[in-house]
Amino acid sequence: MNSKMLLYIGKRIVLAIFTIWVVITVTFFVMHAVPGGPFVGEKATTPAVQAAMEAKYGLDKPLMVQYGTYLKDIVTKFDFGPSLKQRGRMVIDIISDGMRTSMKLGLLAAISSAIVGIVLGAIAALRRNKLIDRIVMVLTTAFVSMPSFIMGSLLLVLFAIKLQLLPANGSTSAGLVLPIVTLALYPMAYITRLTRSSMLDVLGQDYIRTARAKGVSGPRIIFGHALKNSLIPVLTYFGPMLAYIVTGSLVVEQIFAVPGIGRAFVSSITNRDYPMIMGTTIILAALIVIMNLVTDILYKVVDPRITLE
Amino acid sequence: MKKNIFSGHVDLDMFLPASDKEKEYMVQMRPSSTFFRDGVKRLYKNKVAFVSFLIILVIALSSILIPAFWPYSYETQLGVQPGKPVDASYNNLAPFEYGRTEQAKIDAGERVFPHIFGTDAAGRDYFIRVIYGTRVSLAVGLFASIIVLIIGMLIGSVSGYFGGKVDMVIMRFVDIIYSLPDMLMVILLSAVLKLTLKPLIAGTALESIGSNMISLFIVFALLYWVGMARLIRGQILSLREQEYVLSAQATGAKGRWIITKHLIPNCISVVIISSALQIPSAIFTESYLSFLGLGVNAPMPSLGSLASEALNGLTSYPYRLVIPAIVISLIVLSLNLFGDGLRDAFDPKLNQ
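From a predicted model like this one, the values you see are computed outputs, not experimental measurements.

Definitions and limits used
Starting afresh in each chain, residues are numbered from 1 along the sequence in its written order. To label them, take the chains in the order written and letter them from A, then take the ligands in the order written and number them from 1. Local features in this predicted model are restricted to residues of pLDDT 70 or higher, and side-chain atom pairs are both shown and tallied only at a pLDDT of 80 or more, whereas totals for entire chains, interfaces and linings draw on every residue. Side-chain metrics rest on all non-hydrogen atoms present in the structure, leaving aside hydrogens and water. Elements are defined by DSSP. Helices are runs of H or I of four residues or more, strands are runs of E of two residues or more, and each kind is numbered from the N terminus. Our radius of gyration looks at C-alpha atoms and nothing else; its globule reference is 2.2 Å times the residue count to the power 0.38. Residue burial is assigned from relative accessible area. The probe radius is 1.4 Å, only protein chains are included, and a residue is buried under 20% of its type maximum, exposed over 50%, and partly exposed in between. Whether two residues are in contact is decided by their heavy atoms: any pair within 4.5 Å suffices. Note on areas: these come from Shrake-Rupley sampling with a 1.4 Å probe, and a residue is covered only by the protein chains present in the view. The definition of a nonpolar core used throughout is a set of buried Ala, Val, Leu, Ile, Met, Phe, Trp, Tyr and Cys residues joined through side-chain atoms within 4.5 Å. Here, a salt bridge means any side-chain nitrogen of Lys or Arg that lies within 4 Å of a carboxyl oxygen of Asp or Glu. The rule is simple: put a 1 Å grid over the protein atoms alone, call a set of points where a 1.4 Å probe fits but cannot get out a cavity, call an open set with protein on both sides within 12 Å along at least five of seven lines a pocket, and count a residue as lining if it has an atom within 4 Å of a point. Grid points are joined across faces, edges and corners, and a volume is the space filled by probe spheres set on the points. Put simply, Ala, Val, Leu, Ile, Met, Phe, Trp, Tyr, Cys and Pro go in the nonpolar bin, Asp, Glu, Lys and Arg in the charged bin, and everything else, Gly too, in the polar bin. Pairing of aromatic rings covers Phe, Tyr and Trp, the last through its six-membered ring, and needs centres within 6.5 Å; plane angles under 30 degrees mean stacked, over 60 mean edge-to-face, and all others mean tilted. Throughout this description, the term charge over a ring refers to an Arg CZ or Lys NZ atom that lies within 6 Å of the ring centre and within 35 degrees of the ring normal. All the domain ranges listed were derived from an automatic or database domain assignment. For patches, a residue must show more than 30% relative accessible area and have no salt bridge; joins then use 9 Å for like charges and 5 Å for nonpolar side chains, namely Val, Leu, Ile, Met, Phe, Trp and Tyr.

## Looking at the overall build of chain B
Okay, so step 1: Looking only at helices and strands, chain B has 13 helices and zero strands in total.
Okay, so step 2: Against the compact-globule benchmark of 20 Å for 352 residues, chain B has a radius of gyration of 29 Å, which places it well outside the compact range.
Okay, so step 3: Seen through its C-alpha atoms, chain B measures out along the principal axes to roughly 115 × 55 × 35 Å.
Okay, so step 4: Looking at chain B as a whole, 45% of its 352 residues qualify as buried.
Okay, so step 5: Pairs at least 24 apart in sequence give 73% of the contacts found in chain B among residues at least 6 apart.
Okay, so step 6: Put simply, chain B shows about 19,400 Å² of open surface, and 65% of that area lies on carbon and sulfur atoms.

## Overview of the nonpolar core
Okay, so step 1: Judged by nonpolar contacts, the single largest core of 171 residues is most densely connected at Y70(A), F80(A), I187(B), L223(B), L263(B), L292(B) and I331(B).
Okay, so step 2: Here this core takes 14 residues from helix 11 (residues 255-291) of chain B, the largest share from any one element.
Okay, so step 3: Filtering out sequence-adjacent residues up to four positions away, L292(B) remains in contact with V251(A), V266(A) and I187(B).
Okay, so step 4: Residues Y8(A), V289(A), L293(A) and I297(A) belong to the second largest nonpolar core, which totals seven residues.

## Observations concerning the pattern of salt bridges
All names here are of chain A.
Okay, so step 1: In this structure the tally under the stated criterion is twelve salt bridges over all chains.
Okay, so step 2: The shortest N-O distance in the salt bridge between D73 and K77 comes to 3.6 Å. Taken together, the positions of D73 and K77, both in helix 3 (residues 63-77) and four residues apart, correspond to about one turn of that helix.
Okay, so step 3: The class of D73 is buried, set by a relative accessible area of 17%.
Okay, so step 4: Note that D133 is salt-bridged to R196, the shortest N-O span being 2.8 Å. Taken together, the residues D133 in helix 5 (residues 131-144) and R196 in helix 7 (residues 177-203) connect sequence positions 63 residues apart. Across the pair, exposure class does not vary: D133 and R196 are buried alike.
Okay, so step 5: Because the salt bridges share partners, they merge into one network encompassing R89, D97 and R100.

## Describing the environment of G10(A)
All names here are of chain A.
Okay, so step 1: For G10, the location among the structural elements is in helix 1 (residues 3-32).
Okay, so step 2: Since its relative accessible area comes to 30%, G10 is described here as partly exposed.
Okay, so step 3: Expressed as a C-alpha distance, the spacing of G10 and A257, which sit 247 residues apart in the sequence, is 41 Å.

## Regarding the environment of S238(B)
All names here are of chain B.
Okay, so step 1: By the element assignment, S238 lies in helix 9 (residues 225-239).
Okay, so step 2: For S238, a relative accessible area of 43% translates into the label partly exposed.
Okay, so step 3: Sequence separation between S238 and N92 is 146 residues; the distance between their C-alpha atoms is 59 Å.

## Observations concerning the layout of surface pockets
All names here are of chain A.
Okay, so step 1: Each pocket or cavity is described by its volume, and for the second largest pocket that value is around 540 Å³.
Okay, so step 2: For the second largest pocket, the lining is made up of 24 residues, of which H32, Y57, L59, Q66 and Y70 are closest to its centre.
Okay, so step 3: Among the secondary structure elements, those contributing two or more residues to the lining of the second largest pocket are helix 1, helix 3 and helix 12 (274-302).
Okay, so step 4: Broken down by element, the lining of the second largest pocket gets its largest block of residues, five residues, from helix 3.
Okay, so step 5: Tallied by class, residues from the lining of the second largest pocket come to 14 nonpolar, six polar and four charged.

## Section: the packing of aromatic side chains
Okay, so step 1: Counting across every chain of the model gives 19 aromatic pairs over all chains.
Okay, so step 2: Judged by centre distance (5.6 Å) and plane angle (35°), the ring pair of F18(A) and W21(A) falls under tilted. Placement of the pair is F18(A) and W21(A) together in helix 1, with a separation of three residues, close to one helical turn.
Okay, so step 3: Plain terms: the ring middles of F78(A) and F80(A) are 5.5 Å apart, the flat faces sit at 80° to each other, and that makes the pair edge-to-face.
Okay, so step 4: Its end group placed over the ring of Y317(B), R320(B) keeps NZ or CZ at 4.2 Å from the ring centre.

## Quick word on the domain arrangement of chain B
All names here are of chain B.
Okay, so step 1: Per the domain assignment, the segments making up chain B are domain 1 (37-69 + 126-350) and domain 2 (77-123).
Okay, so step 2: The C-alpha-based centres of domain 1 and domain 2 are spaced at 38 Å.
Okay, so step 3: Contact residues are listed per partner, giving eight residues for domain 1 and ten residues for domain 2.
Okay, so step 4: Counting across the interface, domain 1 meets domain 2 through zero salt bridges.
Okay, so step 5: A per-element tally of the side of domain 1 that touches domain 2 places helix 5 (residues 126-162) first, with four residues.
Okay, so step 6: Of the residues assigned to the side of domain 1 that touches domain 2, the class counts are six nonpolar, no polar and two charged.

## Considering empty space enclosed by the protein
In this approach a probe as big as a water molecule rolls over the atoms, and the regions it shows empty are the leftover space.
All names here are of chain A.
Okay, so step 1: Using the criterion set out here, one finds one cavity of 30 Å³ or more in the structure.
Okay, so step 2: Taken together, F143, M146, S148, M151, T182, L185, Y186 and Y244 make up the lining of the largest cavity.
Okay, so step 3: Those elements giving two or more residues to the lining of the largest cavity turn out to be helix 6 (148-162) and helix 7.
Okay, so step 4: Of all the elements, helix 7 adds the most residues to the lining of the largest cavity, at three residues.

## Quick word on a nonpolar patch on the surface
Residues and elements named next belong to chain A.
Okay, so step 1: Residues M103, L107, I111, I115, V116, V119, I123 and I132 make up a contiguous nonpolar surface patch of about 670 Å² in total accessible area.
Okay, so step 2: If you tally residues by element for the nonpolar patch, the top one is helix 4 (residues 91-126), at seven residues.
Okay, so step 3: Mapped onto the elements, M103 comes out in helix 4.
Okay, so step 4: On the basis of relative accessibility, which here comes to 41%, the residue M103 falls in the partly exposed class.

Here it is as C-alpha cells:
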C-alpha cells in the first residue's frame, strides 16, 4: 500500500459515489418525464381525488424541490418513499424482503459458477486438445450464446415438466435449484473459458519450466504456480459477473416465480409503481457499482505488476 | 579494357545498363497482395468462420426472401374471416395440421400450403412468424450496431485526435456512462420511452416501426457508443503519432481531412470487427427486453418476443419455445464465431 495506490483507490471511490449520484439523478428525472404522472389511468378518480393523492405523495411541489427531498431522504434516512401500488408499504421494506431471497440465489449462483468454472477451465487447459477439452469448449460456447430466459425455460420444460425431477416453483428451497443453475450457467461458461486461456498462457511461462526442471511435483506446479497466477484475470470478471447475475435474476425470478427483488422490479414496471422502479434501479445499480469498485481495487492489490494510471 | 588483376581499378563492365533479359528477371510474377486480400484469404482458410458466415448468409437471405412468396403473413389470423364467426379450429395447430375449412378443401382434392410449424394461439402461421421475427431481430442488431458505430466513431475520433481538454472532458463523460449498469438503465429508459414516445409518433411514418423499437434504438444510441468511442480513441491516439500524419500536417492538411483520410481508414478493420461483435449483443438485449414486455410492439414478432409468448403454453407446445431459441442461439453463435474469425484474419497485431 503506497501513496499511489491510496490515490488510485480514493479516485475510484469518488468516481463510484459520483456514478451512484448520476444514477439517482437520471432515474429521478427520467421517471418524472413520463407524461401523465402515476395516478392517471386509475379507475374512478375525480380531479379532486387526484390532486389530493398528488398532494399526499408530494407530487404537487416543483420538480426541483421533489428532487431535493428525494435525494435528502436517501442520503440521510435511506428512505425511498412509499410504494404507490402496494399501499402502506415502504419501497425499502419491499426491497429488503425481496433481497433476502435474491441474495441467496445470487450468491449461490456466483459461488457455484466460480468453483465449477475454475475447475473445468483448469482441467480443459491441462488436457488441451483432448476429448474432455473439446467437450468443455463446445458446451461452454453453447451456453454463452443462449439468452438466460431461454435457457431457464428449457430447463423448466426438461426437469420440472417432462422429467418431474424438480419443482417449477421457486418459492421453496428445492425450487431454487433450477433458478440457480440457470443463473450460473452463463458465468460458469465464461469463467471456464477465461481460466482455460489464462492457464494455457501461464503454463507456457518460463517459471513453470524452471519449476519442472527443479523437479517440483506435478500437483505442486499446478496448484502452487499455475492456478494461482492464472486466476488473476478471472478475478476481473467478478464485477461483470455480479452485474450479469443481478440483471439475469430479473428474468429468472420471473420464470420460476421466485419471490425476489427481480420479480418485484419487473412487476413494478408493468404496473407503473414509480417509487418502486426508482428505488430498485438505484439499489441494484449501487450494488453493481460498489462490486465493480471492490473488484478493481482487489485486482490491483492482488497483482502488483499492474501499473496504476 | 585490359586490367591488371592486382590493380584497384573498378571493372567498368559492371556498370553497363541492364539488358532486357536481365530486366525481365527482376520483374515479380505474382501480383502484389493488398492487406484486404490477405485478410480475405486468411478468413477463407478458417473453416469455423467460413461455415458461420454461410449460416448467417442462409438465415439472413431466407428471412428476406421467404416472406415475399410465402402464402401466409405474420399478422393474419387464419381463423378470422370478415363477416363470419371466428373459426377456433385454426388456433394452436400442431405442425402440418390444417384448420376446418382447409381440411374441407383438401378433402375436395385441392392443395393447401402446409403450416410447417403449426399456428400460434391466435391462429397465425408460426413458420412465417419465426422467419419474420428473425428478420426483425437481425434488423435490430444491424441498425443498433450502425448507430453505435456512427456515434462512437464521431466522438472517439474527435476525442483522440484533438486530445488535451476536449479529450479530458469527453473521456470523463465516457467513464461515467461506462460505469452505469447498462442493463438497468436500458430497462428504465425503455420503460419510460415506451410511454413517452407513443403519443409523439402517432400518425407519423415512425408509427409502423413501433415506439418500443425506436426507444430501443435511442437507448443504444445513448448508452452503447462508449465502448466504441473508447476503442477508436485508443486507435487514433497511437495512429496520430505516425509519420504520415506529421507529413500531412506539414503540407497544411486540416483536422477533418486527416481524420477522414488518414486516421479512420487505418483503424477501420478494428472498427468493423467490433461492430460485427456488437450485433449479437444487440440481439441479446432486444430478446431480453422482449421478455420483459419492452421489446417490439405486437403483432410484429421478434425472436425474443416469440420465445416469451411461447412461455404461456409451454407445457403443451414446447416446440414453440425451442424453435426461436435455436434460431437465436444459431445467429448469436455464428456471429460471434465469424467476428472472432474476422479478428484473427484482419487484426495483424494479434497474429504475433
